[in-house]
Amino acid sequence: MKISSNWLSEFISLNNKTIEQELTQLGLEVDTISKNKNDYIIDIEFTPNRGDCLSAYGISRDLAAFKNKKIKLPQASTFSHQRNNNYIRKVAPDICPEYRFMPLCDVELRAKSPKFITEKLIKSDITPVNIIVDISNYVMMEVGQPTHAFDIDKINGKLSIIKSKKDLTFIGINNKQYNINKGTPVIVDDDDVIHALPGVIGSKESMVDNDTKNILFESAFFLPNTVRSLSTKYRIQTDSSYRFERGVDYKLQEFALSRIHLILSSYISIGKCNLNKISYKSPLTKTNSFKFDYKLFKRILGIELQSNKVKAILSNLGFIFKSDKVIVPSFRFDVTSNYDLVEEVSRIIGYDNIPESPLSTKISLTNKRYTFQDRLITLGYKEAINFTFIAKNYSHNIAQLELKNPISKDKSVMRDSLIPGLLKNIQYNQNRKHKSIQLYETGKIYIKPKNKIFEINTITGVLFGLRSSSDLVSNQYNFGIDDLKSHILSVIPNSSFDLNSGSTYFDDVNSFKILQNNKAIGECGLIRSTCAQDFAIKGAVLAFEINEDLISESNKVTFNDISQYPAVYKDITLITNIDDSLSTVIKEMNNNGYKYMKSIRIKDIFISKDKLQLNNRNVTLEICLQSMDRTLNDEDINKSIQSITTDIKKLYKLNIQEA
Amino acid sequence: MKINHTDLEDLLKQDLETCSKEHDLQQIKSKYLGKKGHVTILFSSLKDIPSEERKAFGSELNSLKQVITKLIDLKFGDIKRSREITQRLDLDTPARHHQFGSHHPISLVIRRIEKIFSNFGFETHEGPEIETEYYNFESLNIADNHPARDMHDTFYFDSNLLLRTHTSSVQIHAMENRSAPLRVLAPGRVYRCDSDPTHSPMFHQIEGLCVDTDISFSNLKWLLNDFIYKFFESKKIKTRFRPSYFPFTEPSAEMDVMFNGKWLEVLGCGMVHPNVLKNANIDPKKYSGLAFGLGIERFAMLAYQIKDLRVFFENDINFLEQFENLRES
């Protein structure tokens with residue numbers, strides 16, 4: 001809200017050099033202060049609890065409490081109440097507990113708005129319209145009470161502030177048409193013509209213009225919830241709704257009309273005039289009071305404050321002490337408990353003047369660990385962070401979670417995998433000529449099978465292109481299955497692989513399950529070419545995706561004695577079909593416990609051109625033999641190799657190539 | 001052995017031609033000049049030669065020996081030089097590139113903050129990102145229709161399910177799962193349906209919560225000042241607290257830090273509102289608590305002098321690789 005510094009000065013003396021600091025200390029955040037001829041325009045951002053400060057008077061009142069000064073409301077006309085039922089038929093208490101109105105009859109609206117009003121309004125970014133609207137806005141900016149003026153001659157019969165009995169439409173003074181549902185709070189006449197949404201916006205129908213002769217000025221306390229519901233539902237935020245939502249002073253309605261009357265009567269002749277009142281009991285317009293708890297100040301602030309000082313500050317702010325109770329002023333709608341009083345007192349003292357005291361030391365024992373992330377970094381992965389919503393067509397999950405109000409179509413469902421995000425990153429970087437892309441992300445995926453939502457912590461990595469783009473051409477090679485396997489084995493303790501049948505993002509043939517302790521925890525391999533094509537990626541993408549919640553970190557080690565005797569290495573070469581899975585054979589053989597065999601591993605794989613047609617390959621196995629208690633002789637070695645090769649031939653039906 | 005001594009030179013040349021290793025050359029040397037070498041044998045045959053021919057043969061043999069020795073020595077030199085060339089380190093060879101990975105700056109900042117607060121006993125507690133109205137709003141004293149909801153442009157799945165708008169939603173979860181006293185830190189993604197150069201629909205926050213029998217606003221100030229000093233590695237950095245408003249804290253404050261002569265808002269904080277404690281079945285008469293929440297992107301922008309929020313989620317390698325040398329654990 002923008003307000004002229006000179007306007008505030010009409011209530012309290014100001015120093016333009018310190019005003020920013022003072023307002024900030026009070027919790028009225030100053031966005032900018034800009035010079036405007038002999039004035040300054042202060043732009044203040046208010047927190048939602050400070051409805052009492054949304055006027056020149058309100059801001060000055062807070063400053064006065066801070067400076068230990070008293071200020072007065074501006075002058076206003078005085079008049080006695082009358083009951084006049086010519087204009088209002090009904091006011092529903094659950095919309096408006098306090099309603100005041102002032103009919104002004106036979107007026108001539110020829111006078112222009114006085115300069116002192118239009119100048120101030122312009123400084124507050126309010127466009128002058130005509131003398132009636134301008135004075136209404138002026139009083140709102142001056143004391144915080146919104147008012148509305150109806151052209152009486154456009155009203156059929158009387159006005160009712162009630163919930164609409166049927167669906168209606170109206171055009172607001174902003175020239176927009178609104179369709180109002182049955183049951184919505186409205187201000188309607190006897191012919192069901194809407195003249196305003198209470199506290200939000202007036203209708204064009206009864207808008208005051210230069211030809212208006214008879215005016216009905218309204219000044220009310222509309223319930224904050226009612227106004228809030230209307231303004232959010234119909235997406236209308238006006239200076240009026242903004243104030244009612246935050247709560248206006250429930251004792252200010254009459255004053256606002258009296259003030260309007262006083263200003264208006266100096267510019268146009270007003271005939272006989274009276275002020276009318278409709279009032280209901282309501283929890284929100286009842287004087288609020290509670291037991292004063294002085295001890296809470298020390299407990300919450302951690303410092304000793306003198307009781308006199310606390311009471312003096314609160315009294316300056318308008319609170320009244322009556323025996324052991326504190327009575328809340330009608331403009332402090334937000335204060336409901338002693339905790340609020342603690343804040344009131346501390347902001348007047350100044351948060352920066354409250355001393356610090358150390359928090360007792362305590363060491364956290366269970367720090368979050370980032371083992372897998374750190375290992376991936378060592379392996380060359382760069383961490384990416386993507387939006388967790390993706391385009392609907394990227395998610396192939398039936399149990400997808402779709403947002404009701406997405407920011408755009410390509411961010412409309414929650415991701416069921418981190419792969420679409422990372423594929424997008426490959427596309428982005430490939431377009432920027434990167435030839436080697438190695439990324440990982442950790443984060444949640446979201447699925448909703450059978451109405452239950454699961455957020456699964458997931459680790460996903462992608463490999464694309466060259467292993468390194470800055471090596472000599474003769475040393476360059478592309479990422480392959482060996483890199484992918486090595487990375488997974490390095491990151492996940494006790495991991496192994498098994499055949500996979502493909503899945504949403506992984507290729508049917510060229511993808512594998514990742515197992516840990518023989519339990520499936522994820523998958524890896526080649527990304528489906530159709531998925532890569534969705535992102536216009538030119539080339540193959542290798543990836544892994546692991547459910548982090550399933551990874552077991554326990555990695556028990558049992559020490560094995562080290563032999564003092566030399567190990568012997570023997571190679572045998574097999575001819576096998578490319579579809580035979582040797583990994584499982586090797587794994588089994590390692591567990592078979594052959595005498596003297598320490599380990600067996602694949603040493604080399606060779607595919608010759610003439611064998612390619614048969615899908616055959618040569619695989620060299622390296623067998624390591626060692627004894628714990630002696631050096632092996634030729635006979636030991638030959639016997640061991642013999643039993644191993646026999647198993648390879650018979651048990652696993654593989655052909656050994658004779659040297 | 002009958003080797004014509006004039007053929008011996010040709011034989012040696014043949015041998016030398018195929019030889020490239022020092023070891024082989026040594027063998028060639030002994031083949032010709034060794035104890036049983038061709039030249040030595042020829043010399044020992046001198047005594048069988050008639051005396052009138054012996055002198056001429058002897059001098060011829062000597063010159064042969066000289067030629068052979070010279071040829072072998074030359075070869076030794078050749079081998080040595082060629083070895084020097086093949087073994088010379090060529091500094092023009094580009095360094096074999098070790099692909100370095102890098103943590104995302106957001107992760108680095110989260111870890112840095114976790115590390116600082118772990119010294120005060122704060123433990124990481126993660127809550128769900130898909131939340132109910134209750135945990136995101138109501139339990140935090142943000143009633144339906146409260147103007148404070150203006151600050152939370154919320155993504156909804158249905159009328160009750162939403163994407164959390166702040167990590168404050170973890171407060172009640174943490175208090176329900178752990179009993180008081182407690183000290184927790186809740187980092188994570190949060191969402192607001194807002195997108196422009198200064199707002200991202202997804203961003204990161206860290207919520208801190210400490211509940212105990214004697215927690216006060218002066219503790220809050222001390223803790224957060226100490227945090228700022230540690231985070232920015234300077235005790236000279238200026239900070240200030242000013243009143244603000246969050247429905248779930250009372251008093252509420254905003255903390256500003258002075259950068260280049262200007263106050264910059266860095267976090268929101270306050271004393272936990274008694275209603276929030278009650279909602280988590282913690283007696284506000286016995287316990288009090290402090291809470292704070294901060295935006296990770298803001299801290300990352302300050303720490304690494306990043307000016308544009310959007311770079312965080314583009315995952316441009318040219319951006320990510322700038323954090324290669326940073327480790328925070």
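All of these numbers come straight from a predicted model, not from anything done at the bench.

Engineer: Honestly, the overall build of chain A in this entry has me stumped. Any pointers?
Structural biologist: Each helix and strand counted, chain A has 18 helices and 31 strands in total. For 659 residues, the compact-globule estimate of 2.2 N^0.38 gives 26 Å, and the C-alpha radius of gyration of chain A, at 40 Å, exceeds that figure by more than 25%. Looking at chain A as a whole, 39% of its 659 residues are labelled buried. Looking at chain A alone, contacts between residues at least 24 apart form 65% of all its contacts between residues at least 6 apart.

Engineer: I would appreciate a short explanation of the nonpolar core in the present structure.
Structural biologist: Note on soluble globular proteins: their nonpolar side chains tend to be buried together. Counting residues in hydrophobic clusters, the biggest one holds 208 residues, and the most contacted among them are Cys96, Ile135, Phe217, Ile514, Ile527 and Val541 of chain A together with Val211 of chain B. Looking at this core element by element, the count peaks at 9 residues for helix α5 (residues 131-143) of chain A. Apart from residues lying up to four places away in sequence, cysteine 96 of chain A is in contact with Val91, Ile161, Pro198, Ala220, Phe221, Phe222 and Leu223 of chain A. Of all hydrophobic cores here, the second largest spans 10 residues; its members include Leu574, Val585, Tyr596 and Leu625 of chain A.

Engineer: How should the packing of helix α10 (residues 307-316) of chain A against helix α11 (residues 338-349) of chain A be read in this particular structure?
Structural biologist: Helix-helix packing is described using two parameters, namely the angle between the two axes and the distance between the axes. Residue and element names in this part refer to chain A. Relative to each other, α10 and α11 sit at 90°, their axes nearing to 10 Å. Taken together, the axes of α10 and α11 are roughly perpendicular relative to one another. In this structure, α10 contributes Val310, Ile313 and Leu314 to the contact, and α11 contributes Leu341, Glu344, Val345 and Ile348. When its residues are assigned to classes, the contact of α10 with α11 shows 6 nonpolar, no polar and 1 charged.

Engineer: When you look at the sheet that holds strand β29 (residues 597-606) of chain A in this model, what are you seeing that I'm missing?
Structural biologist: Paired through backbone hydrogen bonds, the strands of a sheet run either parallel or antiparallel to each other. Residue and element names in this part refer to chain A. Within the open sheet, the 4 strands sit side by side as β29-β30-β28-β31. Their pairing is antiparallel. The sheet is open, and its two borders are formed by β29 and β31 (655-656), each paired with just one other strand. Bridge analysis of strand β28 (residues 568-577) against strand β30 (residues 616-625) gives 10 bridges, and the strand direction is antiparallel. Following the sheet pairing, threonine 576 is matched in β30 by arginine 617.

Engineer: Where do I start with unusual backbone geometry in this structure?
Structural biologist: A negative phi angle is the norm for most residues apart from glycine, just as the trans form is the norm for most peptide bonds. Of the consecutive residues alanine 180 of chain B and proline 181 of chain B, the connecting peptide bond is found in the cis state with omega at -5°. Following the sequence through the fold, proline 181 of chain B ends up in the loop between α7 (170-177) and β4 (182-191). With omega at -5°, the peptide bond leading from glutamate 250 of chain B into proline 251 of chain B counts as cis. Within the secondary structure layout, proline 251 of chain B lies in strand β7 (residues 249-259). Phi angles above zero are rare outside glycine, and aspartate 192 of chain A is one such case at about 60°. At lysine 433 of chain A, a position not held by glycine, the phi torsion is positive, near 70°. Looking at the secondary structure, you find lysine 433 of chain A in the loop between α13 (419-431) and β22 (436-447). Note on lysine 433 of chain A: 7 C-beta atoms within 10 Å, which makes it exposed.

Engineer: Which parts of the structure should I look at to understand the sheet that holds strand β5 (residues 202-212) of chain B?
Structural biologist: Residues and elements named next belong to chain B. Spatial ordering of the open sheet is given by β1-β4-β5-β9-β8-β7-β6, a layout of 7 strands whose pairing is mixed. Both edges of this open sheet fall to β1 (123-124) and β6 (239-243), since each of them pairs with a single strand only. Both β7 and strand β8 (residues 262-272) contribute to a ladder of 9 bridges, which runs antiparallel. For phenylalanine 259, the partnering residue across the bridge sits in β8 and is lysine 262.

Engineer: What is the right way to look at the pairing of strand β25 (residues 506-516) of chain A in this model?
Structural biologist: Two faces belong to every sheet, and in a regular strand the side chains alternate between them. All names here are of chain A. Sheet topology note: the strand β24 (residues 495-499)/β25 ladder contains 5 bridges and is antiparallel. In the sheet register, serine 495 faces β25, and the bridge partner there is glutamine 516. Between β24 and β25, which follow one another and run antiparallel, lie 6 residues, and glycine 502 among them has a positive phi close to 85°. Across 7 bridges, the pairing between β25 and strand β26 (residues 519-527) is antiparallel. When the sheet's bridge partners are listed, lysine 513 is paired in β26 with glutamate 523.

Engineer: Help me out: how do you make sense of the interface of chain B and chain A in this one?
Structural biologist: By a widespread convention, an interface's size corresponds to the accessible area lost as its parts come together. The interface of chain B with chain A comprises 68 residues on the first partner and 76 residues on the second. Where the side of chain B that touches chain A is concerned, the elements lending two or more residues are α5 (105-118), β1, β4, α8 (217-231), β6, β7, α11 (311-314) and α12 (317-320) of chain B. Broken down by element, the residue count for the side of chain B that touches chain A peaks at 7 residues, all from α8 of chain B. Per-class residue counts for the side of chain B that touches chain A are 29 nonpolar, 23 polar and 16 charged.

Engineer: Just to check I follow, could you spell out the environment of glutamate 138 of chain B for this structure?
Structural biologist: Residues and elements named next belong to chain B. When you line up the elements, glutamate 138 lands in the loop between α6 (133-136) and β3 (161-163). A tally of 15 C-beta atoms within 10 Å means that glutamate 138 is categorised as partly exposed. Through-space distance from the C-alpha of glutamate 138 to that of asparagine 281 is 15 Å; in sequence the pair is 143 residues apart. When residues no more than four places from it in sequence are discounted, the contact partners of glutamate 138 are Glu133 and Ala143.

Engineer: Quick question: what am I supposed to make of the domain arrangement of chain A here?
Structural biologist: In terms of domains, chain A is made up of domain 1 (2-67), domain 2 (81-285), domain 3 (289-353), domain 4 (371-550) and domain 5 (568-656). Each of domain 2 of chain A and domain 3 of chain A has a C-alpha centre, and these two points are 35 Å apart.

Engineer: I keep staring at the domain arrangement of chain B and nothing clicks. Help me out?
Structural biologist: Taken as a whole, chain B is organised into domain 1 (5-87) and domain 2 (105-323). Once you take the C-alpha centre of each, domain 1 of chain B and domain 2 of chain B turn out to be 89 Å apart.

Engineer: What am I meant to see in the environment of methionine 301 of chain B here?
Structural biologist: Residue and element names in this part refer to chain B. Mapped onto the elements, methionine 301 comes out in helix α10 (residues 296-304). A residue is classified by how many C-beta atoms lie within 10 Å of it, and methionine 301, with 18 of them, is partly exposed. Spatially, the C-alpha atoms of methionine 301 and proline 105 are 9.1 Å apart, while their sequence positions differ by 196 residues.

Engineer: Which parts of the structure should I look at to understand α13 of chain A?
Structural biologist: Each turn of an α-helix holds 3.6 residues, which means side chains three or four residues apart point in the same direction. All names here are of chain A. Taking 1.5 Å of rise per residue, the 13 residues of α13 would be expected to cover 18 Å, and the 18 Å separating its terminal C-alpha atoms lies within 8% of that figure. Those residues of α13 that fall on the buried side of the exposure criterion are Ile419, Pro420, Gly421, Leu422, Leu423, Lys424, Asn425, Ile426 and Asn429. Lysine 433 sits one or two residues past α13 and shows a positive phi near 70°.

Engineer: Help me understand the pairing of strand β6 (residues 98-104) of chain A, please; the structure alone is not making it clear to me.
Structural biologist: All names here are of chain A. Of all 7 residues that make up β6, 6 are buried, and the element is covered over most of its length. By the bridge criterion, 7 bridges tie β6 to strand β14 (residues 215-221) in an arrangement that is antiparallel. Note that in β14 the partner of tyrosine 99 across the bridge is alanine 220. Relative to strand β15 (residues 275-279), β6 runs antiparallel, the two sharing 4 bridges. Within β15, the position partnered with phenylalanine 101 by the bridge is asparagine 276.

Engineer: Where do I start with the packing of helix α6 (residues 224-233) of chain A against helix α7 (residues 239-246) of chain A in this structure?
Structural biologist: Residue and element names in this part refer to chain A. Between α6 and α7, whose axes approach to 7 Å, the crossing angle comes to 135°. By the angle between their directions, the pair α6 and α7 is classed as oblique. By crossing handedness, the relation of α6 to α7 is classed as left-handed. Where α6 abuts α7, its residues Pro224, Val227, Arg228 and Ser231 lie against Ser241, Phe244, Glu245 and Arg246. Of the residues in the contact of α6 with α7, the class split is 3 nonpolar, 2 polar and 3 charged.

Engineer: Looking at this structure, I do not really get α7 of chain A. What am I missing?
Structural biologist: All names here are of chain A. Counting buried positions over the 8 residues of α7 gives 7, a clear majority of the element. Residues of α7 that are buried make contact with α6. Remark: glycine 247 follows α7 within two positions and exhibits a positive phi of approximately 95°.

Engineer: Is there a simple way to think about the confidence of the model for chain B in this case?
Structural biologist: If pLDDT is low for a region, its predicted coordinates should not be looked at in detail. When pLDDT is averaged across chain B, the result is 89; 96% of the residues are at 70 or more. Interface predicted TM-score (ipTM) for the complex: 0.87; the corresponding pTM is 0.84.

Rules used in this analysis
Residues numbered from 1 in each chain as written. Chains lettered and ligands numbered in written order. Predicted model: local features only at pLDDT ≥ 70, side-chain atom pairs only at ≥ 80, totals over all residues. Helix = DSSP H or I, 4+ residues; strand = E, 2+ residues; numbered from the N terminus. Rg over C-alpha atoms; globule rule 2.2 N^0.38 Å. Buried ≥ 20, exposed ≤ 12 C-beta atoms within 10 Å, placed from the backbone. Contact = placed C-beta atoms within 7 Å. Core = buried A, V, L, I, M, F, W, Y, C linked by C-beta atoms within 7 Å. Axes fitted to C-alpha atoms, helices over the stretch in contact; angles between N-to-C directions. Parallel < 35°, antiparallel > 145°, perpendicular 65-115°, else oblique. Nonpolar A, V, L, I, M, F, W, Y, C, P; charged D, E, K, R; others polar. Pairing = 2+ DSSP bridges. Domains from an automatic or database assignment. Expected span 1.5 Å × (residues − 1). Left-handed = near helix turned anticlockwise from the far one by under 90°. pLDDT = per-residue confidence, 0-100.

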